[in-house]
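In case you want the letters, here they are:
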Amino acid sequence: MHTNMDLHFSQVAREYRAIRTTDSEPIDYIVSKLNGQKKLIGADVGCGAGRYSLMLCQALGKRFSLYCCDRSPEMLRELEKHMGSNGIHKFTAINSSSEKIPLDNDTLGALFTFNAIHHFSIIEFFQECSRLLVGDGQLFVYTRLKEQNSRNIWGKYFPGFLKKETRLYQQGEIEKGLSEVSSLVLNSVTKFHYQRSVSLDRLVHIVKRRHYSTFSLYNDTELADALSQFEKNIRSEFSDTKNVYWEDENIMYHISNRK
Ligand SMILES: C[S@@+](CC[C@H](N)C(=O)[O-])C[C@H]1O[C@@H](n2cnc3c(N)ncnc32)[C@H](O)[C@@H]1O
């Protein structure tokens, strides 16, 4: 069954990487935790157009191979082009949901998910991770929490943004989901802070291209009205609209599978 969100991701797939900001810090963090493993098979679940899949493969090198799983065939098509044009071939794209991944038990040393867990059925996803990961396999969940969302440029200045975005998890909810799957043990929680600065023109552009799926929850009229008010809010808050600045925040959960 296809949802409105599936439709949204199919529509943004072609320009997805161009309208999102990609950070290297979560990859550096993961590499530091996986350091020393001779050979590693991983999966990036909800991989989208592959911006983090590519960085993982580049950073982990020849010893690493990756399954890239996503519900959206359009996203996977973009991923395949992106990986191929960057010379990365040790990957397999799998069109599947996060809750039922067509791989055998105990096949993965590491599982990753970036900016996607709020789209999944969390307990079923964690159960699937427990099934797929070998004993002592590692799971990395990178996301932004509801509280972090409320402090960014959209949460502060974009009308209706926080009311529309009901899917993100709050502090404690991911831990609660994990507690339902006994083999998964939380090792650490790390927060990431990014100083951003772009022009108002760029902000307007990425809203129109619906870079966050939250914007696809507005109908066309609602979005046009909210965008016009957002522009007014930004103009009254920032004297230089070529330099609109704020802090983005994300969080990483590092989890082990203790079978
Ligand atoms: C916000 S995008 C993030 C993509 C990528 N991880 C990134 O950071 O660029 C979320 C992705 O999750 C996928 N997705 C949503 N629900 C899913 C599910 N239940 N199972 C698998 N993929 C899903 C969407 O198709 C989309 O490509």
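Below is a summary of the structure that appears in this document. (Residues numbered from 1 in each chain as written. Predicted model: local features only at pLDDT ≥ 70, side-chain atom pairs only at ≥ 80, totals over all residues.)

1. As for the overall build of the protein
The helix and strand tally for the protein stands at 12 helices and 7 strands. A compact globule built from 259 residues would reach a C-alpha radius of gyration of about 18 Å, and the protein, at 19 Å, matches this within 12%. Considering only C-alpha atoms, the protein reaches an extent of 55 × 40 × 40 Å along its principal axes. Counting only residues that meet the buried cut, the protein has 35% of its 259 residues in that class. (Helix = DSSP H or I, 4+ residues; strand = E, 2+ residues; numbered from the N terminus. Rg over C-alpha atoms; globule rule 2.2 N^0.38 Å. Buried ≥ 20, exposed ≤ 12 C-beta atoms within 10 Å, placed from the backbone.)

2. Side note on the site of the ligand
Taken together, the neighbourhood of the ligand is formed by 19 residues, with Gly 46, Gly 48, Ser 72, Ser 98 and His 119 sitting nearest. Across the shell around the ligand, the residue classes tally to 7 nonpolar, 8 polar and 4 charged. (Near = placed C-beta within 6 Å. Nonpolar A, V, L, I, M, F, W, Y, C, P; charged D, E, K, R; others polar.)

3. A closer look at the nonpolar core
The biggest cluster of nonpolar side chains holds 53 residues, and the ones touching the most others in it are Cys 68 and Leu 111. Aside from chain neighbours lying at most four places away, what touches Leu 111 is Gly 42, Ala 43, Val 45, Cys 129, Leu 132, Leu 133 and Leu 139. (Core = buried A, V, L, I, M, F, W, Y, C linked by C-beta atoms within 7 Å. Contact = placed C-beta atoms within 7 Å.)

4. Overview of the sheet that holds strand β1 (residues 40-45)
Pairing is mixed across the open sheet formed by 7 strands, whose spatial order is β3-β2-β1-β4-β5-β7-β6. Since the sheet does not close on itself, it has two edges, and those belong to β3 (91-95) and β6 (184-198), each with one partner. On average, each strand axis in the sheet is tilted by 15 degrees relative to the strand beside it, whichever way the strands run. When strand β4 (residues 108-114) meets strand β5 (residues 133-143), the two strands line up parallel, connected through 6 bridges. Counted as the bridge partner of Ala 110 is Gln 138 from β5. Docked against the sheet, helix α4 (residues 51-60) engages β1, β2 (64-70), β3 and β4, running at close to 170 degrees with respect to β2. (Pairing = 2+ DSSP bridges. Axes fitted to C-alpha atoms, helices over the stretch in contact; angles between N-to-C directions.)

5. Some thoughts on the environment of Gln 37
The residue Gln 37 is located in the loop between α3 (25-34) and β1 in this model. In this structure the C-alpha to C-alpha distance between Gln 37 and Gly 109, which are 72 residues apart in sequence, comes to 9.4 Å.

6. A short note on the packing of α3 against α4
Axis separation between α3 and α4 bottoms out at 10 Å; the angle between their running directions is 40 degrees. Taken together, the axes of α3 and α4 are oblique relative to one another. Along this stretch, α3 crosses α4, giving a crossing that reads as right-handed. Here Ile 27, Val 31 and Leu 34 of α3 lie close against α4, whose contacting residues are Tyr 52, Met 55, Leu 56, Ala 59 and Leu 60. The class makeup of the residues in the contact of α3 with α4 is 8 nonpolar, no polar and no charged. (Parallel < 35°, antiparallel > 145°, perpendicular 65-115°, else oblique. Left-handed = near helix turned anticlockwise from the far one by under 90°.)

7. Notes on unusual backbone geometry
Of note in the backbone geometry, Asp 106 takes a positive phi value of approximately 55 degrees without being a glycine. Take Asp 106: it is sitting in the loop between β3 and β4. Positive phi, close to 55 degrees, is recorded for Arg 210, a residue that is not glycine. Structurally, Arg 210 is set in the loop between α11 (200-208) and α12 (220-237). A tally of 17 C-beta atoms within 10 Å means that Arg 210 is categorised as partly exposed.

8. Some thoughts on the pairing of β5
Looking along a regular strand, one sees the side chains alternate between the two faces of the sheet. In the classification by handedness, the crossover that spans β4, the intervening helix α6 (residues 122-132) and the parallel β5 is right-handed. Two elements, β5 and strand β7 (residues 244-257), share 6 bridges in a ladder whose sense is antiparallel. Considered in β7, the bridge of Gln 138 is made with Ser 256. (Right-handed = clockwise from strand over helix to strand, strands pointing away.)

9. Here's the deal with the environment of Phe 215
Mapped onto the secondary structure, Phe 215 falls in the loop between α11 and α12. In this structure, the C-alpha to C-alpha distance between Phe 215 and Thr 3, residues 212 residues apart in sequence, is 16 Å. Once residues within four sequence positions are removed from consideration, Phe 215 is found in contact with Val 207, Arg 210 and Leu 223.

10. Considering the packing of α11 against α12
In a packed pair of helices, the relevant descriptors are the angle between the two axes and the axis-to-axis distance. Between α11 and α12, whose axes approach to 11 Å, the crossing angle comes to 160 degrees. Classed by the angle they form, the pair α11 and α12 counts as roughly antiparallel. Crossing of α11 against α12: the hand is right-handed. Residues Leu 200, Val 204 and Val 207 of α11 form the contact with α12, whose own contacting residues are Leu 227, Glu 231 and Ile 234. Residue composition of the contact of α11 with α12, grouped by class: 5 nonpolar, no polar and 1 charged.

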